[in-house]
Structure formats: structure tokens, C-alpha cells
Amino acid sequence: MLFNTLRYAEFFAAVFVGSWALARFAGIRPRLVFLLLVSYGFYAAWDWRYLPLIFASSTVDFLLARAIARETRPRARRAMLIATVALNLGFLGFFKYWNFALENAAALRALLTGEPASIGHAFRVLLPPVGISFFTFESMSYVIDVYRGELPPHKSYLRYLLFVAFFPHLVAGPIVRPRDLLPQFERAPRLTREQGGEGLFLVAIGLVKKVVLSDQLALNLVDRVFERPENYSALEVLAGVYGYAAQIYCDFSGYTDIAIGSALLLGVRFPKNFDAPYKAHNLADFWRRWHISLSTWLRDYLYIPLGGNRGSELATYRNLMITMLLGGLWHGASWNFVFWGFLHGLGLAVTRAFQRAVKRRRPDGGGEGAGTRSFPIHALCVLLTFHYVCFAWIFFRVPSFSQAVLILRQIGTLTTFHPNLPPVLVALLGVALLSHYVPERLYERARGAFIAAPAPLQGALLFLVAVGLHEAASATAVPFVYFQF
């Protein structure tokens with residue numbers, strides 16, 4: 001059930017009316033039961049066969065966390081933690097990476113024996129559960145937080161099941177921490193006029209990002225260029241690479257906006273997940289702005305436990321590289337994703353080495369110095385960071401390394417004819433990228449004006465957005481990019 005479909009709008013309208021009616025006339029618990037049931041129904045609409053998996057995974061983690069909190073012996077607590085991590089990663093590894101492991105084992109066997117590489121269909125996992133990477137990380141983080149003593153074990157089984165399965169964040173995030181969401185299910189829900197207006201504004205903005213910008217760039221530029229780069233000039237291929245950077249941002253941040261807006265309309269607030277990432281002046285800044293819920297999860301549950309930056313410089317670079325390699329693999333079972341993670345790990349290591357070299361030369365504490373740079377230097381840093389990110393996006397998007405080489409080779413021809421770049425497409429690309437540089441105060445002013453507008457005016461504006469979406473929409477709804485992860 002895609003967020004950018006009429007079916008979701010009908011589903012959400014029914015959930016909105018039902019949940020608030022129950023909150024008003026029946027109380028908190030019946031409303032939570034209703035939200036859990038519709039969340040399971042939402043997930044079953046993708047593939048009902050995997051519904052027992054999310055239920056079983058949630059149940060095991062809930063019980064193990066309670067057992068860990070009761071246990072006082074360190075070795076027993078550690079054993080239970082290892083058990084929950086092994087179960088969660090075991091589920092994730094089997095459903096998401098089993099086929100990848102089989103393919104690489106078959107390729108290695110073929111290399112050693114000279115026989116053709118083949119895998120029987122009986123050994124393959126046909127379709128991994130949608131959203132497994134997201135709900136696995138969320139549930140696992142709860143048990144780890146309880147083990148660390150950062151969170152008490154939750155008393156309500158119902159609320160914990162809803163925390164994992166709550167449909168706005170279930171299939172593609174954001175990765176919501178238990179400490180942020182569970183307390184909200186304890187309180188009586190409220191929907192103020194401001195909160196409702198903000199929710200509607202975010203849903204509208206998210207749909208515009210997805211349908212008008214991301215889908216149009218994908219269908220009319222990105223998909224064509226990446227499929228047959230040899231048919232396009234260097235300028236058009238470069239525009240396709242820029243287009244993918246814009247597409248994946250508008251697609252995923254658009255999904256996040258709809259998810260946050262949907263949750264707000266149900267009285268729940270999710271954390272921010274994007275902050276104009278292409279304004280970043282280095283890769284560390286980029287990861288503070290891109291997919292914030294994932295980058296902070298990797299920092300708190302992988303990078304810091306590995307040692308973070310507490311050891312030697314060499315150990316820190318190792319930890320950065322391991323974190324980003326696994327972060328790349330988290331996105332999918334492909335060596336392309338691993339290489340994408342390698343590029344970002346290498347870039348982060350180089351960024352850190354450069355910053356420390358500058359700090360040694362400036363003992364006054366100049367350090368990173370983003371705020372003290374001249375505008376031309378800062379703009380150059382932003383431009384270089386953006387192009388490095390775009391270079392890495394090539395390997396994220398292509399199905400094979402040979403296709404990536406073909407794209408880079410075509411850019412190297414330096415040809416400039418561009419019959420496949422009509423002005424409207426260039427305008428869409430410009431809006432998608434340059435919107436990063438609109439001052440934050442203008443966005444806040446627009447949001448505030450919409451929230452403060454009378455209900456009839458809000459309705460008229462949303463109607464105009466709906467008409468624009470109808471005109472821009474393709475014949476069939478385009479799935480969100482991050483649904484594959």
C-alpha cells in the first residue's frame with residue numbers, strides 16, 4: 001500500500017476517523033488495539049505470509065528485554081543480549097542476504113572448478129519481507145538500551161507491539177527509537193489545530209516531492225540514462241547523475257514527510273530525518289543531515305561500541321570504515337552497496353584526517369572552521385562534497401560495476417549535445433536541488449502561514465495540490481526507492 005496512492009488516502013482516512021473516535025469515546029487502550037490491528041493489516045497488504053515474522057520478532061525481543069532487566073549476573077545478561085542480537089541479525093541475514101551468499105558461493109565454486117555457476121530455485125528466498133531492515137533495527141535497539149540501563153523494560157506488551165508495527169514508519173522508516181515513541185503511547189493523544197495543520201502541510205510537501213519531482217526525474221531522465229548511458233552525451237549523463245541525487249533525496253525525504261505528517265495527524269511525533277543534505281560542507285556534515293535516524297543508529301549501536309574515536313587514529317579510521325561498509329550492506333545484498341559504503345567510509349576518514357591536520361596547525365581551536373570560512377571557500381567545500389556524494393550515488397544506483405564504468409566513461413567523452421534535456425526537465429532538476437539552499441526561515445514562514453490559515457483556505461490549497469498531483473502522476477504509482485531496503 002504505497003503512500004502515493006488513492007488506496008492509502010482511503011485507508012488513512014478510515015484510520016484517522018476510527019482512532020480519534022475511539023480516543024474520545026472508548027479510551028486509550030481500545031485505540032491502541034485498533035492502531036495495532038490496522039498496522040498489521042497495513043503490513044499484511046504487502047505480504048501476509050510475513051506477518052508472523054514481525055509479531056514473533058517483537059514478542060521475543062519484548063520478553064528477552066524483561067529477562068535482561070531482571071537478571072543480575074553479568075554473564076547471563078550478556079548471553080541474553082547476544083541471543084537477541086543473533087536472532088534479529090539471523091532473521092535479517094537469512095531473508096535479505098541468503099540469496100547473495102548463495103550467489104557468491106556459486107561464483108567462487110565456479111571459479112575454482114570451472115563449472116557453470118548455478119543455484120536451484122528451491123534454495124532461494126523468493127521475496128524478503130518489506131521493511132525488515134527498519135523494524136529489525138528498531139526492535140534490536142530497544143533490547144540494547146535495556147541492557148545498557150538507558151531504558152527500563154516496558155511494561156505493556158501491547159504498546160511495544162505497536163511501537164514496532166506502527167504503520168507510518170513500518171516499511172521505510174524513519175528508524176524511531178523506543179525512548180521517543182513508547183512514552184507517546186502512554187499518554188492520552190491530542191490533536192491541536194497547529195499539529196493538524198503541520199501534519200497536512202508535511203503530507204502535501206512529501207507528495208509533491210515524490211510525485212512531481214522524484215517520479216518525473218526518474219521516468220524522464222534517470223532511468224533512461226542509467227539503463228543506456230552510451231545513447232546519451234556526457235552532459236546528459238551528468239544530468240542523469242545529478243537527477244538521481246535529486247530523485248533519491250526527493251523520494252526518501254518525501255516518504256519521510258508523509259510518514260511524519262501521517263503520524264502527527266494521529267497524535268504522534270517522529271524525529272526529523274533530513275536536513276538539506278546537499279548543503280553539507282563535508283561528508284561528516286552530510287551524514288548529520290542525510291537519513292539522520294540511520295546515521296545516528298549506526299553511530300550509537302555500531303561505531304561507538306566498536307570504540308568510536310576513543311582509541312588511536314588508526315583504530316578510529318578502522319571503526320569508520322567498518323561502520324560505513326556495514327551501513328552500505330544494510331541497504332542491500334550487493335557488492336555495489338558495499339562499495340558505496342567503502343567510498344563514504346574513505347571520505348569520512350579523509351575528512352577527519354584533514355580536520356585534525358588543520359587543528360594541529362591552528363592550536364587556537366580553529367578545527368573544522370565551517371563558521372569562520374569565507375563564503376567562496378565554504379561554497380567550494382559544499383560543491384566538492386556534493387560531487388563526491390554524486391560519484392558514490394552512481395555505484396548505489398547501477399546494477400553492476402561494469403555499468404558504473406560505462407557511465408563514468410561516457411561522462412569522460414565531454415560531449416555536450418543535449419536534445420534529451422528539455423527546459424521543463426532542467427527546471428524540475430533545478431528546483432529539486434536548489435530548494436536545499438532556500439533559507440530555513442522562508443520554509444518555516446510558509447509552514448506557519450499554512451498552519452495559521454483558516455480551514456477553508458487550507459482546504460483550497462490542498463485541493464490545488466491534489467489537482468497538480470493528479471496532472472503530474474504517472475499511469476501507475478511509482479514505488480518509493482527505500483522500500484527495497
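All figures in this text were calculated on a predicted structure; none of them were measured in a lab. (Residues numbered from 1 in each chain as written. Predicted model: local features only at pLDDT ≥ 70, side-chain atom pairs only at ≥ 80, totals over all residues. Heavy atoms only, no water.)

Here we look at helix H12 (residues 292-306)
- Look at H12: 20 Å from first C-alpha to last across 15 residues, which is about the 21 Å you get at 1.5 Å a residue.
- The sharpest bend along H12 reaches about 40 degrees and sits at Arg-299.
- All buried positions along H12 are accounted for by Ile-292, Ser-293, Leu-294, Ser-295, Trp-297, Leu-298, Asp-300, Tyr-301, Leu-302 and Tyr-303.
- On its buried face, H12 sits against helix H5 (132-148), helix H8 (178-186), helix H11 (283-289) and helix H13 (313-331).
- Of the residues trailing H12, Gly-307 is marked for its positive phi of about 125 degrees. (Helix = DSSP H or I, 4+ residues; strand = E, 2+ residues; numbered from the N terminus. Expected span 1.5 Å × (residues − 1). Bend = angle between axes of the 7 residues up to and from the residue. Buried < 20%, exposed > 50% of the residue type's maximum accessible area, 1.4 Å probe, protein only. Contact = heavy atoms within 4.5 Å.)

A word on the confidence of the model for the protein
- Looking at the protein as a whole, the pLDDT averages 89, with 94% of positions reaching at least 70.
- Mean pLDDT values over the elements of the protein span from 84, in helix H4 (residues 74-113), up to 96, in H11. (pLDDT = per-residue confidence, 0-100.)

Thoughts on empty space enclosed by the protein
- Enumeration over the complete set of coordinates arrives at one cavity of 30 Å³ or more.
- Each pocket or cavity is described by its volume, and for the largest cavity that value is around 40 Å³.
- Only helix H2 (28-47) and H8 provide two or more residues apiece to the lining of the largest cavity.
- Of all the elements, H2 adds the most residues to the lining of the largest cavity, at three residues.
- Residue composition of the lining of the largest cavity, by class: six nonpolar, two polar and two charged. (1 Å grid on protein atoms, 1.4 Å probe; cavity = no way out; pocket = protein on both sides within 12 Å on 5 of 7 lines; lining within 4 Å. Points joined across faces, edges and corners; volume = space filled by probe spheres on them. Nonpolar A, V, L, I, M, F, W, Y, C, P; charged D, E, K, R; others polar.)

Section: the nonpolar core
- The biggest cluster of nonpolar side chains holds 130 residues, and the ones touching the most others in it are Tyr-278, Trp-290, Trp-393 and Tyr-482.
- The element that contributes the greatest number of residues to this core is helix H10 (residues 234-265), accounting for 18 residues.
- Residue contacts for Trp-393: discarding those within four places in its chain leaves Tyr-244, Ala-245, Ile-248, Tyr-278, Phe-286, Trp-290 and Trp-340. (Core = buried A, V, L, I, M, F, W, Y, C linked by side-chain atoms within 4.5 Å.)

Notes on the packing of aromatic side chains
- Under the defined criterion, the tally for this structure stands at 52 aromatic pairs.
- Summarising the aromatic geometry, the rings of Tyr-249 and Phe-274 are spaced 5.9 Å apart at their centres and angled 80 degrees between planes, so their arrangement reads as edge-to-face. With Tyr-249 in helix H10 and Phe-274 in the loop between H10 and H11, the pair connects residues that are 25 residues apart, well separated along the chain. There is no split in this pair, since Tyr-249 and Phe-274 are both buried.
- Above the face of the Trp-20 ring, Arg-31 is positioned so that its terminal group lies 4.9 Å from the ring centre. (Phe/Tyr/Trp six-rings, centres within 6.5 Å; stacked < 30°, edge-to-face > 60°. Lys NZ or Arg CZ within 6 Å of the ring centre and 35° of its normal.)

Some details on the pattern of salt bridges
- Per the stated rule, a full pass over the model turns up 21 salt bridges.
- A salt bridge links Glu-230 to Arg-228; its shortest N-O distance comes to 3.4 Å.
- Residue Arg-356 is joined to Glu-313 by a salt bridge in which the shortest nitrogen-to-oxygen separation is 3.2 Å. With Arg-356 in helix H14 (residues 335-361) and Glu-313 in helix H13, this residue pair connects regions lying 43 residues apart in the sequence.
- A relative accessible area of 35% places Arg-356 in the partly exposed class.
- Salt bridges sharing partners connect three or more residues here, namely Lys-272, Asp-275, Asp-285, Arg-288 and Arg-289. (Salt bridge = Lys/Arg side-chain N within 4 Å of Asp/Glu carboxyl O.)

A word on unusual backbone geometry
- Here Ala-276, not a glycine, exhibits a phi torsion of approximately 45 degrees, which is positive.
- Locating Ala-276 in the fold gives a position in the loop between H10 and H11.
- The exposure class of Ala-276 is buried, given its relative accessible area of 16%.
- In this structure, Leu-414 takes a positive phi of about 60 degrees despite not being glycine.
- Among the secondary structure elements, Leu-414 is positioned in the loop between helix H16 (401-411) and helix H17 (423-434).

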